[in-house]
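Descriptive structure summary
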Amino acid sequence: MFSIILSVVKFELARSLTPGRLAIWFLLVGFPIVLIGMLRLNGIGQGAGEFWGIRLYFLCPEVLCLLALLLWATPVVSTEIAGQTWGYLAMRPSGRGEVILGKYLTAVIWSVSATLVSVTACGALLGARGGFKLWVVMCLLCVISSLAHAALYLLIGVLFHRRTIVTAVFYTGAVEYGLSFVPAVANKLTINYRLRGLLSNWMDWEAVRSRAENVFGSESSSIHLGVLMLMTVTLLGLAIAKVMYSQFPTQQEG
C-alpha cells in the first residue's frame with residue numbers, strides 16, 4: 001500500500017513539474033512577500049508583533065495555502081476525467097484509495113513548500129519585528145492548514161467533479177471565511193477557527209483573545225489539534241469511500 005502511494009506521489013510530482021505550474025508556484029510564493037514588503041516600506045506596524053502576526057497568518061496559512069490547494073487538491077478527479085485516464089483507475093478498485101491518498105500528499109507537498117518558503121522570506125523582511133517564535137508558529141500552522149484544507153478540498157473535488165473550483169471557492173467564502181467568524185457553535189466546526197485558536201494560544205496573545213473570543217476561541221491547543229486531526233481523517237475517509245464505491249462519467253459521457 002505504502003509503495004503504491006509513494007509511486008503515485010512521485011508520478012504526480014513529476015507530472016506537475018511543468019513551466020506553467022512552476023510559474024504559478026512562484027507567483028503564489030511572491031504574493032505575501034510583496035505585500036509584507038510594501039507594508040514595511042511604508043513604515044506601517046512599526047514594532048507591533050501582533051499586527052504582523054495576524055497579517056502574516058492571514059496571508060500564508062490561510063490565503064496562500066487555500067489558493068495552492070485550489071489548484072492542486074480540488075481537481076483530483078476532474079483532471080483524470082478530462083485526460084480520459086479515469087477508466088484505467090476504475091478498472092482497479094483496490095488501487096483507487098492509494099491513488100487518492102497519493103494525490104492528497106502531492107497537493108500537501110506543493111502547498112507546504114509554497115507557504116514555508118513564503119513565510120521564511122516574510123520573516124526575513126520583518127526581522128526582529130517578527131521573531132523566531134512567530135516564524136516557527138507560522139510554519140507549523142502552514143503544515144496543519146495544508147493537511148486539513150487539502151482533505152477538505154479533496155472531498156469537494158470528489159463530490160463535485162464538474163464544477164470543482166467554483167464549489168470550493170463558494171464553500172471557502174461562505175463557511176471558512178463567513179461562518180468561522182460567527183459567534184455560534186457552528187463556527188467551531190470550521191478549520192480556520194481552530195487555526196486561529198492555535199495562533200493565539202501559541203503566540204500567548206491573551207489580550208487579543210480576550211477582546212475577540214469568538215474569533216480566536218478559548219479552547220486549549222490540544223482541543224484545537226484534536227478537532228483538526230479528527231476533521232482531517234474524517235474528510236479523507238469520506239473522499240476515499242466516495243471514490244471506492246462510486247462511478248464517474250468519462251469525458252465522452254459528460
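The structure contained in this document is the topic of the report that follows. (Residues numbered from 1 in each chain as written. Predicted model: local features only at pLDDT ≥ 70, side-chain atom pairs only at ≥ 80, totals over all residues. Heavy atoms only, no water.)

Considerations on the overall build of the protein
Where we set the bar: Counting from the N terminus, the helices are the DSSP runs of H or I reaching at least four residues and the strands are the DSSP runs of E reaching at least two. Contacts between residues were defined by any pair of non-hydrogen atoms, one from each residue, lying within 4.5 Å.
What the protein contains, in helices and strands, is 12 helices and 0 strands. Mapped in sequence order, the helices and strands of the protein form the string α-α-α-α-α-α-α-α-α-α-α-α. For the protein, long-range pairs separated by at least 24 residues make up 79% of all intrachain contacts whose partners lie at least 6 apart in sequence.

A short note on the packing of aromatic side chains
The condition is simple: Any two rings among Phe, Tyr and Trp, with Trp reduced to its six-membered ring, count as a pair given centres within 6.5 Å; such a pair is stacked if its planes are under 30 degrees apart, edge-to-face if over 60, and tilted if neither. Partly exposed describes any residue whose relative accessible area lies between the buried limit of under 20% and the exposed limit of over 50%, with all areas from a 1.4 Å probe on protein chains only and scaled to the type maximum.
Counted under the stated rule, the structure contains 5 aromatic pairs. A ring pair is formed by phenylalanine 132 and tryptophan 135, whose centres lie 5.7 Å apart and whose planes are at 35 degrees; its orientation type is tilted. A residue pair is termed a helical-turn pair when its members lie 3 or 4 positions apart in one helix, as phenylalanine 132 and tryptophan 135 do in helix α7 (residues 131-159) at 3 residues. In this structure phenylalanine 132 comes out as exposed when scored by relative accessible area, which is 63%.

Structural notes on the environment of leucine 238
Counting through the fold element by element, leucine 238 comes out in helix α12 (residues 221-244). Leucine 238 sits in the partly exposed class, given a relative accessible area of 45%. On a C-alpha basis, the gap between leucine 238 and valine 158 in space is 9.4 Å, while along the polypeptide they are 80 residues apart.

Topic: a nonpolar patch on the surface
For clarity, the threshold we go by: Surface patches are drawn from residues lacking salt bridges whose relative accessible area is over 30%; two like charges belong together within 9 Å, two nonpolar side chains (Val, Leu, Ile, Met, Phe, Trp, Tyr) within 5 Å. Each accessible area is a Shrake-Rupley result for a 1.4 Å probe, and residues are judged covered by the shown protein chains and nothing else. Think of a salt bridge as a Lys or Arg side-chain nitrogen and an Asp or Glu carboxyl oxygen that are within 4 Å of each other.
On the surface, a cluster of nonpolar side chains totalling about 340 Å² of accessible area is made up of Phe31, Val34, Leu35 and Met38. By relative accessible area, which is 46% here, methionine 38 ends up partly exposed.

A look at the pattern of salt bridges
Proximity of charged atoms lets side chains of opposite charge pair with each other. Summed over the entire model, instances satisfying the criterion amount to 5 salt bridges. A salt bridge links lysine 133 to aspartate 204; the shortest N-O distance between them is 2.9 Å. Here lysine 133 is found in helix α7, whereas its partner aspartate 204 is found in the loop between α9 (191-202) and α10 (206-211), with 71 residues between them in sequence. Salt-bridge contacts for glutamate 219 lead to arginine 194; the nearest nitrogen and oxygen are separated by 3.9 Å. Of this pair, glutamate 219 sits in the loop between α11 (213-216) and α12 while arginine 194 sits in helix α9, placing them 25 residues apart in sequence. Both residues of the pair, glutamate 219 and arginine 194, belong to the buried class. Three or more residues are tied together by salt bridges with common partners; here these are Glu12, Arg15 and Lys103.

Digging into the packing of helix α2 (residues 19-41) against helix α3 (residues 49-72)
The following threshold applies: Axes, fitted as lines to C-alpha atoms, cover a helix only where it is in contact. Angles between the N-to-C directions of the axes lie from 0 to 180 degrees. Angles are sorted into four bins: roughly parallel if under 35 degrees, roughly antiparallel if over 145, roughly perpendicular if 65 to 115, and oblique for all others. It is the rotation of the near helix from the far one that decides the hand of a crossing: anticlockwise by less than a right angle makes it left-handed, clockwise makes it right-handed. Polar here means any residue other than Ala, Val, Leu, Ile, Met, Phe, Trp, Tyr, Cys and Pro, which are nonpolar, and Asp, Glu, Lys and Arg, which are charged; Gly is therefore polar.
At a minimum axis separation of 11 Å, α2 and α3 run at an interaxial angle of 165 degrees. Considered as vectors, α2 and α3 are oriented roughly antiparallel to each other. Note that α2 runs across α3; the crossing there is right-handed. Mapping the contact onto sequence places Arg21, Ile24, Trp25, Leu28, Val29, Phe31, Pro32, Leu35, Ile36, Leu39 and Arg40 in α2 and Trp52, Arg55, Leu56, Leu59, Cys60, Val63, Leu64, Leu67, Ala68, Leu71 and Trp72 in α3. Partitioned by chemical class, the residues of the contact of α2 with α3 number 19 nonpolar, no polar and 3 charged.

Considering α2
The criterion, for reference: How far a helix is expected to stretch is found by multiplying one less than its residue total by 1.5 Å. At every residue, the bend is computed as the angle between two fitted axes, covering the seven residues ending there and the seven beginning there respectively.
If you check α2, its first and last C-alpha atoms are 32 Å apart, about what 23 residues at 1.5 Å a residue would give, namely 33 Å. The largest bend in α2 comes to about 30 degrees, at glycine 30, with the proline proline 32 one to four residues further on. Buried within α2 we find Trp25, Leu28, Val29, Gly30, Pro32, Ile36 and Gly37.

Quick word on the packing of helix α6 (residues 96-126) against α7
In the contact formed by α6 and α7, the axes pass within 9 Å of each other and the chain directions differ by 150 degrees. Compared by their axis directions, α6 and α7 come out roughly antiparallel. Between α6 and α7 lies a crossing of right-handed hand. Where α6 abuts α7, its residues Ile100, Tyr104, Val108, Ser111, Val112, Thr115, Leu116, Val119 and Thr120 lie against Trp135, Met138, Cys139, Cys142, Val143, Ser146, Leu147, Ala150, Ala151 and Leu154. A class-by-class count of the residues in the contact of α6 with α7 yields 15 nonpolar, 4 polar and no charged.

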